[in-house]
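# Observations on the model geometry
These are the residues of each chain, in order.
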Amino acid sequence: MALNIELLESSFSRIKAQEANFMNYFYLTLFADYPQVKPLFVNTSMKKQAKQLFKSLVFVVENLHCPDVLTKSLKALGTRHIQYGVQPEHYPMVGSTLLKAFAICLDSAWTPNTEQAWSEAYAVITELMLSGAEYPIEILTPQQNDRTVLSDLN
Ligand code: HEM
């Protein structure tokens, strides 16, 4: 999938000018819409976390022309996320919240094309992060989970 690099860069430059607003809105909305992810952050300094997440978005946008760099670092980030207790189903939650935060902060610059550009970019980020995360098979699908439980009982 060819990403709309120009639009990603130009829209993100507006977000960079309002980092604190963007991150505050992001975490408030994430925890309001998906309270089930709150426990993952129970031992986390949210101020530091917000800075790290923002830095990683800056890194992604700065390296849109370097797919090799992005692939390597996002795979490694995905691997580390297993240790944080993050599961594949959490990725769409963060994705929809990021899009909401972009929409609020970009206001009239949040056009259908910008939305499409960021949805596609987030899909690629998720794919790369998950490809670096080898989840144990039993948390991938409920059916497989059931099988594991049944075979444990037998
Ligand atoms: C666009 C996708 C994502 C990006 C770019 C991202 C970025 C980051 C970064 C840069 C860190 C700092 C630690 C490190 O570098 O390893 C981090 C930590 C973390 N992320 Fe993510 N993340 C993403 C998706 C998610 C998702 C889907 C969840 C689940 C809700 C999540 C939950 C966490 C947690 C719990 C931590 C650890 C906080 C701690 O240090 O206690 N992240 N993330």
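Refer to the structure printed above.
Only a predicted model underlies this, so the values are computations on that prediction, with no experimental measurement involved.

Here we take up the side chain of His-90. Its place among the elements puts His-90 in helix 5 (residues 90-106). Under the relative-accessibility criterion, His-90 is labelled buried at 12%. Dropping the residues within four chain positions of it, His-90 is found in contact with Val-37, Leu-40 and Gly-85.

Turning our attention to the coordination of the iron atom of the ligand. The sole protein-derived ligand of the iron atom of the ligand is His-81 (NE2), positioned 2.1 Å away. Topologically, His-81 is positioned in helix 4 (residues 67-83).

A separate point is empty space enclosed by the protein. On inspection of all chains with the given rule, the structure shows one cavity of 30 Å³ or more. As a volume, the largest cavity reaches approximately 30 Å³. In this structure, the largest cavity is lined by Leu-57, Leu-98, Phe-102, Trp-118, Ala-121, Tyr-122 and Ile-125. When residues in the lining of the largest cavity are grouped by element, the largest group, four residues, is from helix 6 (residues 112-131). Residue classes in the lining of the largest cavity are distributed as seven nonpolar, no polar and no charged.

Turning to the packing of helix 2 (residues 19-33) against helix 5, a few remarks are in order. Running from N to C, helix 2 and helix 5 point in directions that differ by 135°, and their axes come no closer than 9 Å. On the basis of their axis angle, the class for helix 2 and helix 5 is oblique. Classified by chirality, the crossing of helix 5 by helix 2 is right-handed. The segment helix 2 lies against helix 5, with Phe-22, Tyr-25, Phe-26, Thr-29, Leu-30 and Asp-33 engaging Met-93, Val-94, Thr-97, Leu-98, Lys-100, Ala-101, Phe-102, Ile-104 and Cys-105. Classifying every residue of the contact of helix 2 with helix 5 by side-chain character gives 11 nonpolar, two polar and two charged.

With that settled, consider the pattern of salt bridges. On inspection of all chains with the given rule, the structure shows two salt bridges. Put simply, Glu-62 and Lys-16 hold a salt bridge, and the shortest N to O gap is 3.9 Å. Here the residue Glu-62 occupies a position in helix 3 (residues 46-62), and Lys-16 occupies one in helix 1 (residues 5-16), the gap between them amounting to 46 residues. With relative accessibility at 54%, the residue Glu-62 sits in the exposed group.

Approximately 910 Å³ is the volume attributed to the largest pocket. Gln-49, Leu-53, Leu-77, His-81 and Met-129 are the residues nearest the centre of the largest pocket, which is lined by 31 residues in total. Only helix 2, helix 3, helix 4, helix 5 and helix 6 provide two or more residues apiece to the lining of the largest pocket. When residues of the lining of the largest pocket are assigned to their parent elements, the largest contribution, nine residues, is made by helix 3.

Turning to the site of the ligand, a few remarks are in order. Near the ligand, the surroundings consist of 19 residues, among which Thr-44, Arg-80, His-81, Tyr-84 and Val-94 are the closest. His-81 places a polar side-chain atom, nitrogen or oxygen, 2.9 Å from a nitrogen atom of the ligand. At a threshold of 2 Å from the grid points, most atoms of the ligand map onto the largest pocket. Breaking the shell around the ligand down by element, the ones donating at least two residues are helix 3, helix 4, helix 5 and helix 6. Class assignment for the residues of the shell around the ligand results in 12 nonpolar, six polar and one charged.

Reading guide: rules and limits
Residues numbered from 1 in each chain as written. Predicted model: local features only at pLDDT ≥ 70, side-chain atom pairs only at ≥ 80, totals over all residues. Heavy atoms only, no water. Helix = DSSP H or I, 4+ residues; strand = E, 2+ residues; numbered from the N terminus. Buried < 20%, exposed > 50% of the residue type's maximum accessible area, 1.4 Å probe, protein only. Contact = heavy atoms within 4.5 Å. Donors = N, O, S within 2.8 Å, 3.2 Å for Na, K, Ca; no water. 1 Å grid on protein atoms, 1.4 Å probe; cavity = no way out; pocket = protein on both sides within 12 Å on 5 of 7 lines; lining within 4 Å. Points joined across faces, edges and corners; volume = space filled by probe spheres on them. Nonpolar A, V, L, I, M, F, W, Y, C, P; charged D, E, K, R; others polar. Axes fitted to C-alpha atoms, helices over the stretch in contact; angles between N-to-C directions. Parallel < 35°, antiparallel > 145°, perpendicular 65-115°, else oblique. Left-handed = near helix turned anticlockwise from the far one by under 90°. Salt bridge = Lys/Arg side-chain N within 4 Å of Asp/Glu carboxyl O. Near = heavy atom within 4 Å. Polar contact = N/O pair within 3.5 Å; in protein donor to acceptor, adjacent residues only side chain to side chain. Sits in = over half its atoms within 2 Å of the grid points.

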